[in-house]
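Understanding the architecture of this molecule
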Amino acid sequence: MGSATPVKICGLTRPEDVDAAVGAGADAIGFVLYPPSPRYVTPQRAAELAARLPAFVTPVLLFVNTPADEVIAAASAVPGALLQFHGDETPEDCLAASQQGQRAFLRAARIPLDPDAPPFDLLGFSKRFDRARAILLDAHVPGYGGGGQTFDWSLLPAAPDAHLVLSGGLTPDNVAAGIAALRPLCRTLSVDVSSGVEAAKGIKDHGRIRAFVDAVASC
Ligand SMILES: O=C(O)c1ccccc1NCC(=O)[C@H](O)[C@H](O)COP(=O)(O)O
């Protein structure tokens with residue numbers, strides 16, 4: 001079951017959590033291939049977990065500043081995976097790691113939480129990463145991501161041609177407000193969550209996954 005606003009559940013490490021997210025109606029499942037993360041899985045483990053996914057649920061492999069050859073090797077074991085670059089990757093880095101865009105990729109934009117920071121240049125970022133399948137908007141947190149913090153949605157400018165993924169601190173209780181805030185700004189909007197559906201880092205709470213997907217579907 002998809003939803004009008006596609007849902008990615010990220011940071012899965014256990015088969016039972018993959019099955020629960022699929023059963024709840026998730027459209028994409030993210031695996032964190034960044035060793036310092038408490039949600040880290042090896043490329044082999046990601047391939048094993050991704051093999052549980054039905055045809056139309058997309059595996060997403062998440063990297064932070066990983067060399068292109070390592071990205072390519074990891075991705076070769078997960079057919080149909082979307083790549084997600086969540087570090088300091090340049091457009092050239094993203095093209096090298098995605099084999100010149102042969103494999104679709106998301107580029108994370110990490111939005112500063114400092115209220116005195118200048119507004120995020122979403123249009124400039126989107127233009128810079130114009131080969132990305134979508135721009136994933138996350139809060140700028142220590143450790144690059146998975147921080148469970150929201151950024152100020154009201155600060156984003158309109159980006160009428162952009163495919164955006166709202167991420168960062170989403171929960172079953174706030175996701176509808178996030179969709180309402182961002183949906184008018186962009187061409188398409190998807191949502192992504194990790195902490196907000198967890199019992200502990202890397203351990204997903206199946207009831208919260210279902211509540212999150214249901215909250216999105218009610219929008
Ligand atoms: O999830 C992580 O541990 C992580 C570590 C380093 C870089 C990115 C990471 N996650 C990326 C994601 O796509 C998360 O879903 C996103 O940051 C939102 O996380 P949360 O705020 O916990 O919902």
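Further up the page is the structure itself.
Residues numbered from 1 in each chain as written. Predicted model: local features only at pLDDT ≥ 70, side-chain atom pairs only at ≥ 80, totals over all residues. Heavy atoms only, no water.

**A look at the overall build of the protein chain**
Quick note on the threshold: Secondary structure elements are taken from DSSP: a helix is a run of H or I of four residues or more, a strand is a run of E of two residues or more, and numbering for both begins at the N terminus. In this setup the radius of gyration rests on C-alpha atoms only. A globule is expected at 2.2 Å times the number of residues raised to 0.38. Any residue under 20% of the maximum accessible area for its type is buried, any over 50% is exposed, and the rest in between are partly exposed; the area is computed with a 1.4 Å probe on protein chains only. Every residue pair with non-hydrogen atoms within 4.5 Å of one another is taken to be in contact. Only the protein chains shown count as cover for residues, and all accessible areas are computed by the Shrake-Rupley method using a 1.4 Å probe. A positive count includes Lys and Arg, and a negative count includes Asp and Glu. His and the chain ends are not counted in either. Each charge is placed at NZ for Lys, CZ for Arg, CG for Asp and CD for Glu.
The helix and strand inventory of the protein chain stands at seven helices and ten strands. Taken over the C-alpha trace, the protein chain has a radius of gyration of 16 Å; the compact-globule value for 219 residues is 17 Å, and the two agree within 12%. Considered along the principal axes of its C-alpha atoms, the protein chain spans approximately 40 × 40 × 30 Å. Out of the 219 residues belonging to the protein chain, those deemed buried represent 52%. Contacts spanning at least 24 positions in sequence make up 62% of the contacts within the protein chain whose residues lie at least 6 apart. Working note: accessible area of the protein chain is about 9600 Å², and carbon and sulfur atoms make up 54% of it. Looking at the protein chain, you have 18 positive and 23 negative side-chain charges, and the mean spots of the two groups are 4 Å apart.

**Observations concerning the packing of aromatic side chains**
One pair of aromatic rings is described through two measures. These are the centre distance and the angle between the planes. Formally: Between rings of Phe, Tyr and Trp, where Trp is taken as its six-membered ring, a pair exists when centres lie within 6.5 Å; planes separated by under 30 degrees are stacked, by over 60 edge-to-face, and by other angles tilted.
Overall, the coordinates contain five aromatic pairs when judged by the stated rule. Aromatic pair Phe 120 and Phe 125: ring centres 5.6 Å apart, planes at 50 degrees, arrangement tilted. Accessibility assignment for this pair places Phe 120 and Phe 125 in one class, buried. Arranged with centres 4.7 Å apart and planes meeting at 40 degrees, the rings of Phe 125 and Phe 129 form a pair that is tilted. Classification of Phe 129 by relative accessible area gives buried; the value is 3%.

**Considering the nonpolar core**
Selection rule: Only buried residues count toward a nonpolar core. Its members are Ala, Val, Leu, Ile, Met, Phe, Trp, Tyr and Cys residues joined through side-chain atoms within 4.5 Å.
In terms of nonpolar packing, the biggest core is built from 63 residues, with Ile 9, Phe 31, Leu 61, Leu 137 and Phe 212 touching the most fellow members. For this core, the element with the highest residue contribution is helix H7 (residues 206–217), accounting for five residues. Apart from the residues within four sequence positions on either side, Phe 212 is in contact with Val 7, Ile 9, Leu 170, Thr 171, Pro 172, Val 175, Val 191, Val 193 and Val 197. Listed in part, the eight residues of the second largest apolar core include Ala 28, Ala 108, Ala 134 and Val 165.

**Focus: the site of the ligand**
The condition is simple: For this description, a residue counts as near a given molecule or strand if any of its non-hydrogen atoms is within 4 Å of it. Within 3.5 Å is the distance limit for a polar contact, defined as a pair of N or O atoms, with the added protein rule that one can donate a hydrogen and the other accept it, and that residues adjacent in sequence qualify only through two side-chain atoms.
Inspection of the region around the ligand gives 25 residues, with Ser 37, Asp 138, Gly 169, Asp 192 and Ser 195 positioned closest. A distance of 2.6 Å is found between an oxygen atom of the ligand and a side-chain nitrogen or oxygen belonging to Asp 138. For the ligand, an oxygen atom lies 2.9 Å from a polar atom in the backbone of Ser 194. Protein coverage of the free-state accessible area of the ligand, which is 510 Å², stands at 99%. Among the elements of the structure, strand E1 (7–10) and strand E8 (186–193) are those that each provide at least two residues to the shell around the ligand.

**Focus: H7**
Put simply, the rule reads: Working rule for helices: expected span equals 1.5 Å times residues minus one. Think of the arc as the fan of directions from the helix axis to the C-beta atoms.
The terminal C-alpha atoms of H7 lie 17 Å apart, and with twelve residues this matches the ideal 16 Å at 1.5 Å per residue to within 8%. Turning to H7, its buried residues are Ile 209, Phe 212, Val 213, Ala 215 and Val 216. The arc that holds the buried residues of H7, viewed along the axis, is 160 degrees, so those residues lie on one side. Buried residues along H7 sit against E1, helix H1 (15–24), helix H6 (175–182), E8 and strand E10 (203–204).

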